[in-house]
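As a plain string of letters, each chain reads:
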Amino acid sequence: MKRIAVLTSGGDAPGMNAAIRAIVRTGLDKGWEMFGVHNGYSGLISGEIAPLGARDVGGIIQKGGTMLGSARCREFETEEGRRKALAQMEQQGIGGLIVIGGNGSQTGAYELSRMGFPVVGVASTIDNDLYGSDITIGVQTAMDVALEAIDRLKVTASSHHRAFLLEVMGRKCGYLALMAGIAGGAEAIMIPEQKTDPEKVAADLRKAYDNGKAHAIIVVAEGAQNNADGMAQYFQIHRERLGFELRVTKLGHVQRGGSPGSFDRILGTQLGAAATEAMEKGNKGVLMGTIKGEIAATPLDVVVNNKKDLDLRLLELAKVLAT
Ligand code: ATP
(Lines give C-alpha, C1' and ligand atoms only; values in the text may rest on other atoms or scores of the structure.)
Protein backbone atom coordinates (compact mmCIF):
# COMPACT_ATOMS: atom_id res chain seq x y z
CA MET A 1 0.00 0.00 0.00
CA LYS A 2 1.25 3.44 -0.94
CA ARG A 3 1.70 6.15 1.68
CA ILE A 4 1.30 9.65 0.25
CA ALA A 5 1.67 12.92 2.17
CA VAL A 6 0.35 16.40 1.41
CA LEU A 7 1.58 19.77 2.63
CA THR A 8 0.72 23.44 2.14
CA SER A 9 3.55 25.95 2.00
CA GLY A 10 4.18 29.70 1.61
CA GLY A 11 1.27 32.12 1.76
CA ASP A 12 -2.08 30.51 2.49
CA ALA A 13 -4.72 30.86 -0.23
CA PRO A 14 -8.50 30.32 -0.19
CA GLY A 15 -9.14 26.98 -1.89
CA MET A 16 -6.13 25.16 -0.41
CA ASN A 17 -8.51 23.21 1.82
CA ALA A 18 -10.52 22.06 -1.20
CA ALA A 19 -7.27 20.74 -2.70
CA ILE A 20 -6.29 18.94 0.54
CA ARG A 21 -9.75 17.35 0.73
CA ALA A 22 -9.61 16.19 -2.90
CA ILE A 23 -6.07 14.81 -2.51
CA VAL A 24 -6.94 12.87 0.64
CA ARG A 25 -10.22 11.44 -0.62
CA THR A 26 -9.01 10.54 -4.14
CA GLY A 27 -5.89 9.01 -2.59
CA LEU A 28 -7.98 6.92 -0.19
CA ASP A 29 -10.14 5.87 -3.13
CA LYS A 30 -7.01 4.50 -4.82
CA GLY A 31 -6.37 2.40 -1.73
CA TRP A 32 -3.52 4.56 -0.44
CA GLU A 33 -2.81 5.67 3.11
CA MET A 34 -2.88 9.45 3.27
CA PHE A 35 -0.87 11.74 5.54
CA GLY A 36 -0.88 15.46 6.27
CA VAL A 37 2.28 17.41 7.02
CA HIS A 38 1.65 20.30 9.40
CA ASN A 39 3.30 23.73 8.92
CA GLY A 40 4.82 23.24 5.50
CA TYR A 41 8.46 22.32 4.97
CA SER A 42 9.21 23.24 8.56
CA GLY A 43 6.89 20.45 9.73
CA LEU A 44 8.38 18.09 7.17
CA ILE A 45 11.83 18.62 8.68
CA SER A 46 10.61 18.20 12.25
CA GLY A 47 8.37 15.23 11.41
CA GLU A 48 4.93 16.79 12.03
CA ILE A 49 3.29 14.14 9.88
CA ALA A 50 -0.05 12.55 10.80
CA PRO A 51 -2.51 10.21 9.05
CA LEU A 52 -5.55 11.82 7.39
CA GLY A 53 -8.83 9.96 6.95
CA ALA A 54 -11.89 10.96 4.93
CA ARG A 55 -13.60 12.46 8.02
CA ASP A 56 -10.51 14.51 8.94
CA VAL A 57 -11.00 16.59 5.82
CA GLY A 58 -14.75 17.02 6.32
CA GLY A 59 -16.20 20.52 6.77
CA ILE A 60 -13.14 22.31 5.40
CA ILE A 61 -14.09 23.01 1.78
CA GLN A 62 -15.82 26.27 2.70
CA LYS A 63 -13.00 27.51 4.92
CA GLY A 64 -10.22 29.93 3.92
CA GLY A 65 -6.60 29.31 4.93
CA THR A 66 -5.27 25.79 5.26
CA MET A 67 -6.20 23.15 7.83
CA LEU A 68 -2.60 21.89 7.72
CA GLY A 69 -1.04 25.25 8.55
CA SER A 70 1.68 26.82 6.46
CA ALA A 71 5.12 28.23 7.14
CA ARG A 72 8.13 29.84 5.55
CA CYS A 73 11.20 27.68 6.24
CA ARG A 74 14.74 28.83 5.43
CA GLU A 75 16.23 25.50 6.51
CA PHE A 76 14.51 23.69 3.63
CA GLU A 77 16.42 25.89 1.19
CA THR A 78 19.58 24.03 2.26
CA GLU A 79 20.46 20.51 1.15
CA GLU A 80 20.96 19.53 4.77
CA GLY A 81 17.41 20.64 5.60
CA ARG A 82 15.98 18.68 2.70
CA ARG A 83 17.94 15.58 3.76
CA LYS A 84 16.33 15.83 7.20
CA ALA A 85 12.92 16.04 5.51
CA LEU A 86 13.68 12.96 3.39
CA ALA A 87 14.77 11.06 6.50
CA GLN A 88 11.48 11.92 8.25
CA MET A 89 9.46 10.65 5.29
CA GLU A 90 11.55 7.49 5.04
CA GLN A 91 11.00 6.83 8.74
CA GLN A 92 7.22 7.01 8.24
CA GLY A 93 7.28 5.02 5.00
CA ILE A 94 6.00 7.95 2.92
CA GLY A 95 6.54 7.20 -0.77
CA GLY A 96 5.32 10.43 -2.38
CA LEU A 97 4.64 14.08 -1.52
CA ILE A 98 2.11 16.57 -2.91
CA VAL A 99 3.06 20.23 -2.39
CA ILE A 100 0.33 22.89 -2.55
CA GLY A 101 1.87 26.35 -2.88
CA GLY A 102 3.37 29.14 -4.96
CA ASN A 103 6.71 29.90 -6.57
CA GLY A 104 8.99 29.36 -3.56
CA SER A 105 7.14 26.22 -2.52
CA GLN A 106 7.38 24.71 -6.00
CA THR A 107 11.11 25.54 -6.07
CA GLY A 108 11.39 23.51 -2.87
CA ALA A 109 9.36 20.72 -4.51
CA TYR A 110 11.69 20.80 -7.52
CA GLU A 111 14.78 20.57 -5.31
CA LEU A 112 13.27 17.59 -3.49
CA SER A 113 12.38 15.84 -6.75
CA ARG A 114 15.98 16.44 -7.96
CA MET A 115 17.08 14.37 -4.96
CA GLY A 116 15.04 11.48 -6.38
CA PHE A 117 11.88 11.76 -4.29
CA PRO A 118 8.47 11.55 -6.05
CA VAL A 119 6.84 14.99 -5.78
CA VAL A 120 3.81 16.53 -7.48
CA GLY A 121 2.98 20.24 -7.10
CA VAL A 122 -0.41 21.97 -7.00
CA ALA A 123 -0.48 25.60 -8.19
CA SER A 124 -1.69 27.82 -5.37
CA THR A 125 -0.93 31.47 -4.64
CA ILE A 126 -3.10 34.58 -4.58
CA ASP A 127 -0.34 36.45 -6.46
CA ASN A 128 -0.94 34.44 -9.67
CA ASP A 129 2.78 34.66 -10.49
CA LEU A 130 3.40 30.95 -11.00
CA TYR A 131 4.49 29.70 -14.42
CA GLY A 132 2.60 26.58 -15.47
CA SER A 133 -0.88 27.71 -14.46
CA ASP A 134 -2.85 30.53 -16.09
CA ILE A 135 -4.74 30.95 -12.83
CA THR A 136 -3.78 29.61 -9.41
CA ILE A 137 -5.83 28.60 -6.40
CA GLY A 138 -6.90 31.62 -4.32
CA VAL A 139 -6.60 34.37 -6.93
CA GLN A 140 -10.30 34.60 -7.73
CA THR A 141 -11.41 34.85 -4.10
CA ALA A 142 -8.69 37.39 -3.24
CA MET A 143 -9.70 39.45 -6.25
CA ASP A 144 -13.34 39.45 -5.20
CA VAL A 145 -12.30 40.76 -1.76
CA ALA A 146 -10.28 43.55 -3.42
CA LEU A 147 -13.18 44.30 -5.74
CA GLU A 148 -15.64 44.62 -2.91
CA ALA A 149 -13.28 47.09 -1.22
CA ILE A 150 -13.04 49.16 -4.43
CA ASP A 151 -16.81 49.22 -4.83
CA ARG A 152 -17.24 50.35 -1.23
CA LEU A 153 -14.54 53.01 -1.51
CA LYS A 154 -16.18 54.34 -4.67
CA VAL A 155 -19.41 54.97 -2.82
CA THR A 156 -17.78 57.03 -0.09
CA ALA A 157 -15.40 58.68 -2.58
CA SER A 158 -18.36 59.89 -4.64
CA SER A 159 -20.11 61.26 -1.56
CA HIS A 160 -17.12 63.30 -0.40
CA HIS A 161 -15.36 64.08 -3.67
CA ARG A 162 -12.18 62.53 -2.33
CA ALA A 163 -9.47 60.52 -4.01
CA PHE A 164 -8.89 57.08 -2.57
CA LEU A 165 -5.99 54.70 -2.96
CA LEU A 166 -6.35 50.98 -2.30
CA GLU A 167 -3.23 48.88 -1.82
CA VAL A 168 -3.62 45.20 -2.65
CA MET A 169 -1.16 42.30 -2.34
CA GLY A 170 1.47 41.57 -4.96
CA ARG A 171 5.14 41.98 -4.09
CA LYS A 172 6.52 41.31 -7.54
CA CYS A 173 3.40 40.67 -9.59
CA GLY A 174 0.67 43.22 -10.32
CA TYR A 175 -1.97 40.73 -11.47
CA LEU A 176 -4.35 41.31 -8.55
CA ALA A 177 -4.04 45.10 -8.74
CA LEU A 178 -4.48 45.13 -12.50
CA MET A 179 -7.47 42.82 -12.67
CA ALA A 180 -9.23 44.23 -9.60
CA GLY A 181 -8.55 47.73 -10.94
CA ILE A 182 -10.12 46.86 -14.28
CA ALA A 183 -13.09 45.08 -12.72
CA GLY A 184 -13.61 47.98 -10.27
CA GLY A 185 -13.21 50.73 -12.87
CA ALA A 186 -10.19 52.37 -11.19
CA GLU A 187 -8.95 55.72 -12.48
CA ALA A 188 -5.30 54.65 -12.06
CA ILE A 189 -3.49 51.32 -11.53
CA MET A 190 0.08 51.02 -10.28
CA ILE A 191 1.98 47.73 -10.54
CA PRO A 192 5.56 46.53 -9.97
CA GLU A 193 6.00 45.67 -13.66
CA GLN A 194 5.76 49.28 -14.78
CA LYS A 195 7.14 52.51 -13.33
CA THR A 196 4.49 55.14 -12.66
CA ASP A 197 5.23 58.79 -11.92
CA PRO A 198 3.13 60.04 -8.95
CA GLU A 199 2.81 63.39 -10.72
CA LYS A 200 1.25 61.63 -13.71
CA VAL A 201 -1.18 59.81 -11.41
CA ALA A 202 -2.14 63.12 -9.78
CA ALA A 203 -2.71 64.60 -13.23
CA ASP A 204 -4.94 61.63 -14.17
CA LEU A 205 -7.01 62.12 -11.02
CA ARG A 206 -7.32 65.84 -11.71
CA LYS A 207 -8.49 64.99 -15.23
CA ALA A 208 -11.07 62.59 -13.82
CA TYR A 209 -12.57 65.42 -11.74
CA ASP A 210 -12.37 67.85 -14.67
CA ASN A 211 -14.25 65.29 -16.78
CA GLY A 212 -17.09 65.39 -14.29
CA LYS A 213 -16.32 62.30 -12.23
CA ALA A 214 -17.32 62.46 -8.57
CA HIS A 215 -14.66 59.98 -7.48
CA ALA A 216 -11.12 58.94 -8.23
CA ILE A 217 -9.73 55.56 -7.23
CA ILE A 218 -6.15 54.35 -7.51
CA VAL A 219 -5.39 50.64 -7.10
CA VAL A 220 -1.76 49.91 -6.28
CA ALA A 221 0.13 46.65 -5.75
CA GLU A 222 2.17 46.56 -2.54
CA GLY A 223 5.35 45.96 -4.54
CA ALA A 224 4.84 48.88 -6.93
CA GLN A 225 7.66 51.41 -7.03
CA ASN A 226 5.36 53.93 -5.34
CA ASN A 227 3.10 51.93 -3.06
CA ALA A 228 0.52 53.20 -0.55
CA ASP A 229 3.10 54.72 1.80
CA GLY A 230 5.02 56.38 -1.02
CA MET A 231 1.89 57.83 -2.60
CA ALA A 232 0.45 59.02 0.72
CA GLN A 233 3.70 60.83 1.45
CA TYR A 234 3.81 62.38 -2.00
CA PHE A 235 0.25 63.68 -1.80
CA GLN A 236 0.88 64.99 1.73
CA ILE A 237 3.96 66.94 0.68
CA HIS A 238 2.34 68.35 -2.47
CA ARG A 239 -1.17 68.73 -1.09
CA GLU A 240 -1.48 72.51 -1.65
CA ARG A 241 -0.31 72.31 -5.22
CA LEU A 242 -2.31 69.19 -6.13
CA GLY A 243 -5.44 70.64 -4.59
CA PHE A 244 -6.93 67.44 -3.16
CA GLU A 245 -6.40 64.87 -0.45
CA LEU A 246 -5.62 61.21 -0.93
CA ARG A 247 -7.08 58.71 1.52
CA VAL A 248 -5.20 55.44 1.72
CA THR A 249 -6.53 51.95 2.52
CA LYS A 250 -4.25 48.92 2.76
CA LEU A 251 -6.16 45.71 2.33
CA GLY A 252 -3.28 43.53 3.58
CA HIS A 253 -4.10 40.07 4.85
CA VAL A 254 -7.86 40.68 4.66
CA GLN A 255 -7.46 39.48 1.08
CA ARG A 256 -6.18 36.07 2.12
CA GLY A 257 -8.76 35.20 4.72
CA GLY A 258 -11.91 35.01 2.65
CA SER A 259 -14.08 31.94 2.41
CA PRO A 260 -13.18 30.46 -0.99
CA GLY A 261 -15.61 31.21 -3.80
CA SER A 262 -16.99 28.51 -6.07
CA PHE A 263 -14.20 28.97 -8.63
CA ASP A 264 -11.42 28.33 -6.11
CA ARG A 265 -13.24 25.38 -4.54
CA ILE A 266 -13.62 23.76 -7.94
CA LEU A 267 -10.07 24.62 -9.05
CA GLY A 268 -8.64 23.28 -5.77
CA THR A 269 -10.70 20.11 -6.13
CA GLN A 270 -9.70 19.53 -9.76
CA LEU A 271 -6.00 20.22 -9.23
CA GLY A 272 -5.95 18.09 -6.08
CA ALA A 273 -7.55 15.16 -7.88
CA ALA A 274 -5.20 15.64 -10.85
CA ALA A 275 -2.22 15.53 -8.48
CA THR A 276 -3.07 12.07 -7.12
CA GLU A 277 -3.79 10.94 -10.67
CA ALA A 278 -0.32 12.12 -11.74
CA MET A 279 1.24 10.37 -8.73
CA GLU A 280 -0.56 7.13 -9.62
CA LYS A 281 0.65 7.27 -13.21
CA GLY A 282 4.22 7.89 -12.09
CA ASN A 283 4.13 11.39 -13.61
CA LYS A 284 6.43 12.88 -10.96
CA GLY A 285 8.33 16.16 -10.72
CA VAL A 286 5.44 18.11 -12.27
CA LEU A 287 3.15 20.97 -11.31
CA MET A 288 -0.59 20.56 -11.82
CA GLY A 289 -2.18 23.75 -13.10
CA THR A 290 -4.61 24.99 -15.74
CA ILE A 291 -3.48 26.07 -19.18
CA LYS A 292 -6.03 27.46 -21.62
CA GLY A 293 -8.84 26.06 -19.51
CA GLU A 294 -7.45 22.52 -19.35
CA ILE A 295 -5.79 20.77 -16.41
CA ALA A 296 -2.14 20.40 -17.39
CA ALA A 297 1.09 19.03 -15.93
CA THR A 298 4.25 21.11 -16.39
CA PRO A 299 7.68 19.78 -15.38
CA LEU A 300 8.87 21.54 -12.21
CA ASP A 301 12.18 22.54 -13.83
CA VAL A 302 10.20 24.42 -16.50
CA VAL A 303 8.03 25.99 -13.77
CA VAL A 304 10.94 27.29 -11.69
CA ASN A 305 13.03 28.45 -14.64
CA ASN A 306 10.34 30.55 -16.29
CA LYS A 307 8.57 33.75 -15.36
CA LYS A 308 4.88 34.31 -15.96
CA ASP A 309 4.38 37.58 -17.80
CA LEU A 310 1.56 39.97 -17.13
CA ASP A 311 -0.37 41.14 -20.18
CA LEU A 312 0.51 44.84 -20.04
CA ARG A 313 -1.94 45.62 -22.86
CA LEU A 314 -4.61 45.40 -20.16
CA LEU A 315 -2.95 48.30 -18.35
CA GLU A 316 -3.24 50.37 -21.51
CA LEU A 317 -6.88 49.33 -21.86
CA ALA A 318 -7.53 50.35 -18.23
CA LYS A 319 -6.11 53.81 -19.00
CA VAL A 320 -8.46 54.21 -21.97
CA LEU A 321 -11.44 53.04 -19.94
CA ALA A 322 -10.64 55.48 -17.12
CA THR A 323 -11.40 58.53 -19.28
P1 ATP B 1 3.31 32.85 -2.06
O2 ATP B 1 3.43 33.10 -3.53
O3 ATP B 1 1.90 32.73 -1.64
O4 ATP B 1 4.12 33.79 -1.22
P5 ATP B 1 5.37 30.85 -2.08
O6 ATP B 1 5.29 29.37 -2.17
O7 ATP B 1 6.02 31.56 -3.24
O8 ATP B 1 3.91 31.37 -1.80
P9 ATP B 1 7.69 31.44 -0.40
O10 ATP B 1 7.74 32.09 0.93
O11 ATP B 1 8.41 32.10 -1.52
O12 ATP B 1 6.14 31.25 -0.73
O13 ATP B 1 8.26 29.95 -0.29
C14 ATP B 1 7.74 29.04 0.65
C15 ATP B 1 8.81 28.10 1.14
O16 ATP B 1 9.34 27.34 0.04
C17 ATP B 1 10.04 28.76 1.75
O18 ATP B 1 9.83 29.17 3.06
C19 ATP B 1 11.05 27.62 1.66
O20 ATP B 1 10.83 26.69 2.70
C21 ATP B 1 10.68 26.96 0.34
N22 ATP B 1 11.61 27.44 -0.69
C23 ATP B 1 11.63 28.65 -1.29
N24 ATP B 1 12.66 28.76 -2.13
C25 ATP B 1 13.34 27.58 -2.07
C26 ATP B 1 14.50 27.07 -2.70
N27 ATP B 1 15.20 27.79 -3.58
N28 ATP B 1 14.90 25.80 -2.40
C29 ATP B 1 14.19 25.07 -1.53
N30 ATP B 1 13.08 25.50 -0.89
C31 ATP B 1 12.66 26.74 -1.15
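Residues numbered from 1 in each chain as written. Predicted model: local features only at pLDDT ≥ 70, side-chain atom pairs only at ≥ 80, totals over all residues. Heavy atoms only, no water.

Take the overall build of the protein next. On a plain count of helices and strands, the protein comes out with twelve helices and eleven strands. Seen through its principal axes, the protein has C-alpha atoms that stretch 70 × 35 × 30 Å. Residue burial in the protein is summarised as follows: out of 323 residues, 51% are buried. Total accessible area on the protein stands at roughly 14100 Å², and carbon and sulfur atoms take up 49% of it. Seen as two clouds, the 36 positive and the 36 negative side-chain charges of the protein have centres 1 Å apart. (Helix = DSSP H or I, 4+ residues; strand = E, 2+ residues; numbered from the N terminus. Buried < 20%, exposed > 50% of the residue type's maximum accessible area, 1.4 Å probe, protein only. Areas by Shrake-Rupley, 256 points an atom, 1.4 Å probe, with all protein chains shown as cover. Lys, Arg positive; Asp, Glu negative; His and termini not counted. Charge placed at Lys NZ, Arg CZ, Asp CG, Glu CD.)

All told, the structure shown has 15 salt bridges when counted by the stated rule. Linking glutamate 33 and arginine 3 is a salt bridge whose minimum nitrogen-to-oxygen distance equals 3.3 Å. Of this pair, glutamate 33 sits in strand E2 (residues 33-37) while arginine 3 is found in strand E1 (residues 3-8), placing the two residues 30 residues apart along the sequence. We classify arginine 3 as partly exposed; its relative accessible area is 26%. In this structure, glutamate 316 and lysine 319 form a salt bridge, with 3.5 Å as the shortest nitrogen-oxygen distance. (Salt bridge = Lys/Arg side-chain N within 4 Å of Asp/Glu carboxyl O.)

By the definition in use, this model includes two aromatic pairs. Ring geometry for tyrosine 41 versus phenylalanine 76: centroids 3.8 Å apart, planes at 5 degrees, classification stacked. Placement of the pair is tyrosine 41 in helix H2 (residues 40-46) and phenylalanine 76 in the loop between strand E3 (49-51) and helix H3 (79-91), with a sequence separation of 35 residues. Just as tyrosine 41 is buried, phenylalanine 76 falls in that class too. Look at tyrosine 234 and phenylalanine 235: their rings are 6.4 Å apart centre to centre, the planes differ by 65 degrees, and that puts the pair in the edge-to-face class. (Phe/Tyr/Trp six-rings, centres within 6.5 Å; stacked < 30°, edge-to-face > 60°.)

To continue, consider the nonpolar core. Ranked by internal contacts, the top residues of the largest apolar core, which has 57 residues, are Val6, Ile98, Ile100, Val120, Val122, Val168 and Met288. Tallying contributions element by element places helix H5 (residues 139-160) first for this core, with eight residues. Residues in contact with isoleucine 100, not counting those within four places in the same chain, are Val6, Leu7, Thr8, Ser9, Met16, Ala19, Ile20, Ile23, Gln106, Val122 and Ser124. Ala5, Ala123, Leu300 and Val303 belong to the second-largest nonpolar core, a separate cluster that totals 26 residues. (Core = buried A, V, L, I, M, F, W, Y, C linked by side-chain atoms within 4.5 Å. Contact = heavy atoms within 4.5 Å.)

Take the sheet that holds strand E11 (residues 294-299) next. Strand order across the open sheet formed by seven strands is E3-E2-E1-E4-E5-E10-E11, with mixed pairing between neighbours. Edge positions in the open sheet fall to E3 and E11, since each of these has one partner strand only. The sheet shows a mean angle of 25 degrees between the axes of neighbouring strands, taken without regard to direction. In this structure, E2 lies alongside E3, joined through three bridges in antiparallel fashion. Bridge pairing in E3 links glycine 36 to alanine 50. Taken strand by strand, helix H1 (residues 16-29) contacts E1, E2, strand E4 (96-101) and strand E5 (119-123), and its axis lies near 160 degrees from that of E4. (Pairing = 2+ DSSP bridges. Axes fitted to C-alpha atoms, helices over the stretch in contact; angles between N-to-C directions.)

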